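Chain residues, written in single-letter form:
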Amino acid sequence: MTHTRATLRQYRGLVGAFLLFGLAYLFAPLAETRFWPVTTPFERTVLTSVQDGGASELAGGAVKLRGDCEYRGIEVFLGARGKGVRIPGAHFKDRPQERGEGRQEWGRLYVPIPDFMIDQTFADVLHSCYRGERYLTRTHFW
């Protein structure tokens, strides 16, 4: 009987540790997005209509705050943050002049929606800041 109780306590502790680890894995990305973003918000300087008004190209810049993170993609959504619908196909047509920390400028950020709808969108940029590709850091871009 004593061995059974001790075994149950061990398993309870093990299950509790796994639950804490799981919760940390779920909430760490939210904390990182809020408190340790990779870039500052994108500052748009030029908005150009392309493809007969069916798409847009943005020019502007942002400051990269964490030089150890590698760019992995951008996701643009139509609607309000948290309720938006992802618009596939958004991408940078040019690379930034500087890849480390500091100010980065782009002249051709392609977004497949008309220019008059840009203010109804939001975007997140994804970076790999840690080993492997399993966990990407999401930063609110605009």
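Treat the numbers as computed from the prediction; the structure is a model and nothing was measured.

Draft legend 1. Layout of the overall build of the protein. A tally of regular secondary structure across the protein gives one helix and eight strands. Counting across all 142 residues of the protein, residues that qualify as buried make up 34%. Sequence separation of 24 or more characterises 64% of the internal contacts of the protein that already satisfy a separation of 6 or more. Within the structure as shown, the protein displays about 9500 Å² of accessible surface, and the carbon and sulfur contribution to it stands at 59%.

Draft legend 2. Summary view of the side chain of Thr121. Locating Thr121 in the fold gives a position in strand β7 (residues 121-128). Owing to a relative accessible area of 8%, Thr121 belongs among the buried residues under this scheme.

Draft legend 3. Structural context of the packing of aromatic side chains. Tallied over the entire structure, the rule returns ten aromatic pairs. Seen in terms of ring centroids, Phe42 and Phe141 are 5.2 Å apart; in terms of plane orientation they differ by 35°. Their pairing is tilted. Here Phe141 lies in the segment after β8 (137-140) and Phe42 lies in the loop between α1 (2-35) and β1 (43-50), a separation of 99 residues in the sequence. Neither residue differs from the other here; Phe42 and Phe141 are each classed as buried. Ring centres 5.5 Å apart and planes at 80° place the aromatic pair Tyr71 and Phe92 in the edge-to-face group. On the criterion of sequence distance, the pair formed by Tyr71 in strand β3 (residues 70-78) and Phe92 in strand β5 (residues 91-92) is long-range, its members being 21 residues apart. An aromatic cluster of at least three residues, connected via ring pairs, comprises Phe42, Tyr71, Phe92, Trp106, Phe141 and Trp142.

Draft legend 4. Layout of the sheet that holds β8. Reading across the sheet, the four strands line up as β4-β3-β7-β8 and stay open at both edges, with antiparallel pairing between neighbours. Each having just a single partner strand, β4 (85-87) and β8 make up the two edges of the open sheet. Strand-to-strand, the axes of this sheet are offset by a mean angle of 35°, without reference to chain direction. For β7 and β8, the ladder comprises four bridges, and the chain directions are antiparallel. Among the inter-strand pairings, Asp124 is bridged to a residue of β8, identified as His140.

Draft legend 5. Here's a closer look at the sheet that holds strand β2 (residues 55-64). Pairing is antiparallel in the open sheet, where four strands are placed in the order β1-β2-β6-β5. Where the open sheet ends on each side, the last strands, each with one partner, are β1 and β5. As paired strands, β1 and β2 are joined by seven bridges and run antiparallel to one another. Paired with Arg44 across the strands is Gly60, a residue of β2.

Draft legend 6. Quick look at the nonpolar core. Ile74, Val76, Leu109, Val111 and Phe141 are the most contacted members of the largest nonpolar core, which has 17 residues in total. Within the residue set of this core, elements represented by two or more residues are β2, β3, β6 (102-111) and β7. Ranked by the residues each element gives to this core, the list is headed by β6, at three residues. Filtering out sequence-adjacent residues up to four positions away, Ile74 remains in contact with Arg86, Ala90, His91, Phe92, Leu109, Ala123, Asp124, Val125 and Phe141.

Conventions adopted
Residues numbered from 1 in each chain as written. Predicted model: local features only at pLDDT ≥ 70, side-chain atom pairs only at ≥ 80, totals over all residues. Heavy atoms only, no water. Helix = DSSP H or I, 4+ residues; strand = E, 2+ residues; numbered from the N terminus. Buried < 20%, exposed > 50% of the residue type's maximum accessible area, 1.4 Å probe, protein only. Contact = heavy atoms within 4.5 Å. Areas by Shrake-Rupley, 256 points an atom, 1.4 Å probe, with all protein chains shown as cover. Phe/Tyr/Trp six-rings, centres within 6.5 Å; stacked < 30°, edge-to-face > 60°. Pairing = 2+ DSSP bridges. Axes fitted to C-alpha atoms, helices over the stretch in contact; angles between N-to-C directions. Core = buried A, V, L, I, M, F, W, Y, C linked by side-chain atoms within 4.5 Å.

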